Structure formats: C-alpha cells, structure tokens
Amino acid sequence: MSDMKQENINSTKYDIPPEIEGQVTITTLDKIYNWGRRSSLWPIMFGLACCAIEMICTAASRYDFSRFGMEVMRPSPRQADMMIVSGTVTKKMVPQIIRLYNQMPEPKYVVAMGACASGGGPFKERYNVVSGIDKYIPVDVYIPGCPPTPQALLHGLISLQRKIDTQSIKEVRWYKKEPIEAIPIPILGPDIIDPREIELIQGYTQKKLEKLEQSESPSVGDVS
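Residues numbered from 1 in each chain as written. Predicted model: local features only at pLDDT ≥ 70, side-chain atom pairs only at ≥ 80, totals over all residues. Heavy atoms only, no water.

Engineer: Please provide a residue-by-residue account of the sheet that holds strand β2 (residues 109–113), values included.
Structural biologist: Taken in spatial order, the three strands line up as β1-β2-β3 in an open sheet, and their pairing is parallel. What marks the edges here is a single partner per strand, and that holds for β1 (82–86) and β3 (141–143). Within this sheet the neighbouring strands show an average axis-to-axis angle of 15°, counted without direction. Bridge count between β2 and β3: three bridges; the pairing is parallel. Across the sheet, residue A112 finds its bridge partner in β3, namely Y142. (Pairing = 2+ DSSP bridges. Helix = DSSP H or I, 4+ residues; strand = E, 2+ residues; numbered from the N terminus. Axes fitted to C-alpha atoms, helices over the stretch in contact; angles between N-to-C directions.)

Engineer: Lay out the side chain of K108 in plain terms, naming residues and giving numbers.
Structural biologist: In this structure, K108 sits in the loop between α4 (94–103) and β2. Of the side chains with opposite charge, E106 comes closest to the buried, unpaired K108, at an N-O distance of 4.3 Å. Among the polar contacts listed, one links the side chain of K108 to the backbone oxygen of Y101, at a separation of 2.7 Å. Ignoring sequence-local partners within four residues, the contact set of K108 consists of D81, Y101, N102, D140 and R173. (Buried < 20%, exposed > 50% of the residue type's maximum accessible area, 1.4 Å probe, protein only. Lys, Arg positive; Asp, Glu negative; His and termini not counted. Salt bridge = Lys/Arg side-chain N within 4 Å of Asp/Glu carboxyl O. Polar contact = N/O pair within 3.5 Å; in protein donor to acceptor, adjacent residues only side chain to side chain. Contact = heavy atoms within 4.5 Å.)

Engineer: Explain the packing of helix α3 (residues 50–59) against helix α6 (residues 150–165) to me, using residue names and the numbers behind them.
Structural biologist: Axis separation between α3 and α6 bottoms out at 9 Å; the angle between their running directions is 75°. In terms of orientation, α3 and α6 fall into the roughly perpendicular class. Along its contact with α3, which presents E54, M55, C57 and T58, the element α6 presents P150, L153 and L154. Grouping the constituent residues of the contact of α3 with α6 by class yields five nonpolar, one polar and one charged. (Parallel < 35°, antiparallel > 145°, perpendicular 65-115°, else oblique. Nonpolar A, V, L, I, M, F, W, Y, C, P; charged D, E, K, R; others polar.)

Engineer: Pulling in residues and values, what's your account of the pairing of β1?
Structural biologist: Burial analysis of β1 places five of its five residues in the buried class, the great majority of the element. Side chains M82, I84 and S86 project from β1 onto one buried face, and the interleaved M83 and V85 project onto a second face that is buried too. Looking at chain direction, β1 and β2 are connected through five bridges and run parallel. Residue pairing in the sheet places M82 in a bridge with Y109 of β2. With α4 bridging β1 and its parallel neighbour β2, the resulting β-α-β unit is right-handed. (Right-handed = clockwise from strand over helix to strand, strands pointing away.)

What follows is the structure, given as structure tokens:
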C-alpha cells in the first residue's frame, strides 16, 4: 500500500507505534467504506452532445481516468453508480435520463458536465431545452464550461471523490429506514409535465375556467 493510502486510512485519533506501522492499520468504518467506493466508481455509458466527445477524450490514453478507478463504463444502468450528464438536455431526453437514473442502484451519483447540463447553456430558455438537469434529478457535482476540457472533467470527478470521503454511513440516504422512492417519469406533451404537479395544474386550470365562465355569463341587469 502506498504512503498516500496509508496516510488516508490511518488518519484517526489513535497513534500506531512506529515498529508496527507496516503490519497494523487502524481506521474507522466510514473511512474504509468511503475509500472503497471512491476508488471504484462505474459511470454509465451514454452521452448527449458535444460534451460527450470531451468525456470520451478523458477516457482515452492521454488523460486516462482509470488512474482514479473510474474507467469501467457500463452500458447497463443496473451495473453503474455514477451518471455523467454530458451535453444539452432536451425535453425529449429528460424522461429517458430519469428512467436510467431510477434503474441505477444505490449509492449513485450525478455529475452535470458542461453549461447545458448545469443550467441550459447557450440554449437556455429555448422551447426544447431544460434549464439544468438538477430540476429533475439530484446533482452532486457541477462542471462549468462549453464544453469542459478533459482536465475540468477530471477535476470534477476528483471533487466527487472528495465529497464521498466526507459521507457517513449514519447519514447517507441509502441506509435510512425510509424507502427511497423512484422519481416519477415526466410526461412529454406540448410541454414536459411533472406527474407530481398534475393536481396543481388541474386546480389552476379549473379556476381559470370558472373565471372565464363568470365573465361570459350575462349579468342581472342585461336584457336579452
């Protein structure tokens, strides 16, 4: 084990005598658990737009993010625990992204790569583009840029590892007693609709219809 890994694992309040440092390691359950997860993140293999080309470049030999244990891109969401949303998110693609996210097992993480995935980018407020994927699924790390360079993506992935290092088994959502509910798949029509807002939309529409009927109905003083 390298000196860096030894320093990370042995960072507890207990001191190890120098004569047995090479044979004994003292750590906490959280540290060893997080160390195992941060070093074996498996991204789901899909891309949306130009940011995907930079993601492919990052996986190539020059930048080689296999150094961080992230090179195993899986074509199935059931075998992946990290989603890199790389590119412009259109309303047509949102239901598919959420469906893939729901199929990923816990623990799972989301990286919004680029300005489009983070907030709409240059296409913000267009009729067919959503203003950030975080409106539909939780995002752990945002990477700016249009598109971000491979170095920026590596920095974002390292930032995700640092976030994992701070997590505690007592607080993470996948070890709580309450079940984790799947995110409802949006309905794609004239516009994208969140199923959780259908009752609110119906109530708003009903009030508008009632006001319209009242405005069109004849008043008491009107003569036919």
